[in-house]
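Here's the letter readout for the chains.
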Amino acid sequence: MKQVFKRPESLIDVPAHFCPGCHHGIIHRLVAEQIDQFGLRDKTIGVASVGCSVFMYDYFDVDVLESPHGRAAAVATGVKRSRPDNFVFTYQGDGDLAAIGTAEIIHCANRGENVTVIFVNNTVFGMTGGQMAPTTMPGQVTTTTPFGREVATAGYPIKMTEILVHPTIS
Ligand SMILES: Cc1ncc(C[n+]2csc(CCOP(=O)(O)OP(=O)(O)O)c2C)c(N)n1
């Protein structure tokens, strides 16, 4: 029989433990397919973060370091500079990248580091119970904004990717 669907080689053959409806499994698959397609599995080093995103180390069949609380972009910088021939990527949620790790990601982008960042923006802090994140949309109900995010008191969502495209005036 012709096989039309299979697990990417860069993913470990384990059942997913994420909550029903979670997006991480889909994103793992998309990233793993690219690692396979470019033949990068043997030279890939992942840098995990904090939150549900961290569990990428249980799923990707590549070397992974753990760098919690927003420091992944800084650690990835060191890994890539010391091992320039490796493909180095971080995998970070919005609580990790856009809150605790704001400084690290902006300086990493500003230096133009040759690393890849997978930014998984689900607009809430997932693992800790669905609290408001910097990227929560105006009016969005979260466990800490039961009446919706109020722009007057919480500001607008931070446009992380847009900021990272042009972190400085040039
Ligand atoms: C009181 C408290 N502050 C900070 C943390 C650290 N922390 C662990 S998971 C998490 C949320 C991460 O959210 P996000 O990056 O959006 O990842 P997701 O879980 O949505 O994938 C934080 C802040 C914690 N566990 N408890």
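The structure displayed is predicted, hence computed values, not measured ones.

Chemist: When you look at the overall build of the chain in this model, what are you seeing that I'm missing?
Modeler: Within the chain, the secondary structure is distributed over 6 helices and 6 strands. Starting at the N terminus and ending at the C terminus, the chain contains elements arranged as α-β-β-α-β-α-α-β-β-β-α-α. Over its C-alpha trace the chain gives a radius of gyration of 17 Å, about what one expects of a compact globule, namely 15 Å for 170 residues. The dimensions of the chain, computed from C-alpha atoms along their principal axes, are 55 × 45 × 25 Å. Burial statistics for the chain: of 170 residues in total, 38% are counted as buried. If you sum the accessible surface of the chain, you get close to 9,800 Å²; carbon and sulfur atoms cover 59% of it.

Chemist: Explain the nonpolar core here, please?
Modeler: Here is a general trend for soluble globular proteins: nonpolar side chains tend to be buried in one another's company. Of all hydrophobic cores here, the largest spans 15 residues; its most connected members are Leu-11, Val-31, Ile-35, Met-56, Phe-60, Phe-89 and Tyr-91. Only helix 1 (24–37) and strand 3 (87–93) provide two or more residues apiece to this core. Discounting residues that sit within four places of it in the chain, Phe-89 has contacts with Val-31, Ile-35, Thr-44, Ile-45, Gly-46, Val-47, Met-56, Phe-60, Thr-116 and Ile-118. Ile-45, Ala-76, Val-79 and Ala-98 belong to the second-largest nonpolar core, a separate cluster that totals 13 residues.

Chemist: Could you clarify how one ought to interpret the site of the ligand in this entry?
Modeler: Taken together, 17 residues lie around the ligand, and Cys-52, Gly-95, Asp-96, Gly-126 and Met-127 are the ones closest in. Residue Gly-95 places a main-chain N or O atom 2.9 Å away from an oxygen atom belonging to the ligand. Met-127 is positioned with one of its backbone polar atoms (N or O) 2.8 Å from an oxygen atom of the ligand. Burial of the ligand by the protein amounts to 70% of the accessible area it has alone, namely 590 Å². Residue assignment for the shell around the ligand shows that the elements contributing at least two residues are helix 3 (94–100) and strand 5 (124–125). Tallying contributions element by element places helix 3 first for the shell around the ligand, with 4 residues. Across the shell around the ligand, the residue classes break down as 6 nonpolar, 9 polar and 2 charged.

Cut-offs and rules
Residues numbered from 1 in each chain as written. Predicted model: local features only at pLDDT ≥ 70, side-chain atom pairs only at ≥ 80, totals over all residues. Heavy atoms only, no water. Helix = DSSP H or I, 4+ residues; strand = E, 2+ residues; numbered from the N terminus. Rg over C-alpha atoms; globule rule 2.2 N^0.38 Å. Buried < 20%, exposed > 50% of the residue type's maximum accessible area, 1.4 Å probe, protein only. Areas by Shrake-Rupley, 256 points an atom, 1.4 Å probe, with all protein chains shown as cover. Core = buried A, V, L, I, M, F, W, Y, C linked by side-chain atoms within 4.5 Å. Contact = heavy atoms within 4.5 Å. Near = heavy atom within 4 Å. Polar contact = N/O pair within 3.5 Å; in protein donor to acceptor, adjacent residues only side chain to side chain. Nonpolar A, V, L, I, M, F, W, Y, C, P; charged D, E, K, R; others polar.

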